[in-house]
Amino acid sequence: MAINEEQVSELKKELYAELDELSRKHRSFKLRTSVVTNLLMPGLGFFVYGQSYVKGLISLVIFWGYFWFFVKDIVPNTDAGVAVFYFIPTVVIWIVSAVMVAYLDG
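Quick caveat, the model's predicted, so the values are computed rather than measured.

Rules used throughout
- Residues numbered from 1 in each chain as written.
- Predicted model: local features only at pLDDT ≥ 70, side-chain atom pairs only at ≥ 80, totals over all residues.
- Heavy atoms only, no water.
- Patch = residues over 30% accessible without salt bridge, like charges linked within 9 Å, V, L, I, M, F, W, Y side chains within 5 Å.
- Areas by Shrake-Rupley, 256 points an atom, 1.4 Å probe, with all protein chains shown as cover.
- Salt bridge = Lys/Arg side-chain N within 4 Å of Asp/Glu carboxyl O.
- Lys, Arg positive; Asp, Glu negative; His and termini not counted.
- Charge placed at Lys NZ, Arg CZ, Asp CG, Glu CD.
- Buried < 20%, exposed > 50% of the residue type's maximum accessible area, 1.4 Å probe, protein only.
- Helix = DSSP H or I, 4+ residues; strand = E, 2+ residues; numbered from the N terminus.
- Axes fitted to C-alpha atoms, helices over the stretch in contact; angles between N-to-C directions.
- Parallel < 35°, antiparallel > 145°, perpendicular 65-115°, else oblique.
- Left-handed = near helix turned anticlockwise from the far one by under 90°.
- Contact = heavy atoms within 4.5 Å.
- Nonpolar A, V, L, I, M, F, W, Y, C, P; charged D, E, K, R; others polar.
- Phe/Tyr/Trp six-rings, centres within 6.5 Å; stacked < 30°, edge-to-face > 60°.
- Lys NZ or Arg CZ within 6 Å of the ring centre and 35° of its normal.

**Quick notes on a negative patch on the surface**
Next, step 1: There is a patch of like negative charges on the surface, built from E6, E10, E14 and E18.
Next, step 2: When its relative accessible area of 64% is taken as the criterion, E6 is described as exposed.

Okay, structure coming up:
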């Protein structure tokens, strides 16, 4: 049974369509896992996604630096109600970092 050129081109089209679909699914999965990872630890989503390592490093350093400053200097010297107010920048850094990962393009 001989395969003609028309059948070969049809098989190529099907193969490329499947590869394109798998590529889109893989990119979508990688983006979802990056966002979840970034929600667990801000900055790591950039490393999981494999892009913008500098942004990931910057958000990781800013988040943990401010968190360390908050725990070491702010909490012992202020009331709990006031300390919660000073924790807002940490949450903002966390959310902005997650949004930045969510809008990475592949």
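**Notes on unusual backbone geometry**
Next, step 1: Positive phi is not limited to glycine here, since S52 has a value of about 55°.
Next, step 2: Position of S52 among the secondary structure elements: in the loop between α2 (44-49) and α3 (53-77).

**Observations concerning the pattern of salt bridges**
Next, step 1: Using the criterion set out here, one finds two salt bridges in the structure.
Next, step 2: Note that R24 and D20 form a salt bridge whose closest N and O atoms lie 3.4 Å from each other. Of the two residues, R24 and D20 both sit in helix α1 (residues 5-40), four residues apart, roughly one turn of that helix.
Next, step 3: Using a relative accessible area of 46% as the deciding quantity, one classes R24 as partly exposed.
Next, step 4: Owing to a relative accessible area of 41%, D20 belongs among the partly exposed residues under this scheme.

**Section: the packing of α3 against helix α5 (residues 88-102)**
Next, step 1: Orientation of α3 relative to α5, taken along the N-to-C sense of each, is 165°, at an axis distance of 9 Å. If you check the angle between α3 and α5, you find them roughly antiparallel. Considering only the axes of α3 and α5, their crossing is left-handed. Across the interface between the two elements, K55, S59, I62, F63, Y66 and F67 of α3 pack against P89, T90, I93, W94, S97 and M100 of α5.

**Examining the side chain of N38**
Next, step 1: Looking at the element boundaries, N38 is found in helix α1.
Next, step 2: In this structure N38 touches G43, L44, G45, F46, W94, S97, A98 and V101, once residues within four positions along its chain are discounted.

**Quick word on the packing of α1 against α5**
Next, step 1: Relative to each other, α1 and α5 sit at 170°, their axes nearing to 9 Å. Classified by the interaxial angle, the pair formed by α1 and α5 is roughly antiparallel. Taking contact as the criterion, the partners of L31, S34, V35, N38 and L39 in α1 are, on α5, W94, S97, A98, V101 and A102.
Next, step 2: Taken together, the residues of the contact of α1 with α5 sort by class into seven nonpolar, three polar and no charged.

**Considerations on the packing of aromatic side chains**
Two aromatic rings are characterised by how far apart their centres lie and by the angle between their planes.
Next, step 1: Summed over the entire model, instances satisfying the criterion amount to nine aromatic pairs.
Next, step 2: Measuring from ring centre to ring centre gives 5.0 Å for F70 and F87, while their planes differ by 55°; the resulting arrangement is tilted. Taken together, the residues span a long stretch of sequence, with F70 in helix α3 and F87 in the loop between α4 (80-86) and α5 at a distance of 17 residues.
Next, step 3: For F87, a relative accessible area of 23% translates into the label partly exposed.
Next, step 4: Here a set of aromatic residues connected by ring pairs shows up, and it is made of F63, W64, F67, F70, F87 and W94.
Next, step 5: The ring of Y49 carries the charged tip of K30 above its face, separated from the ring centre by 5.1 Å.

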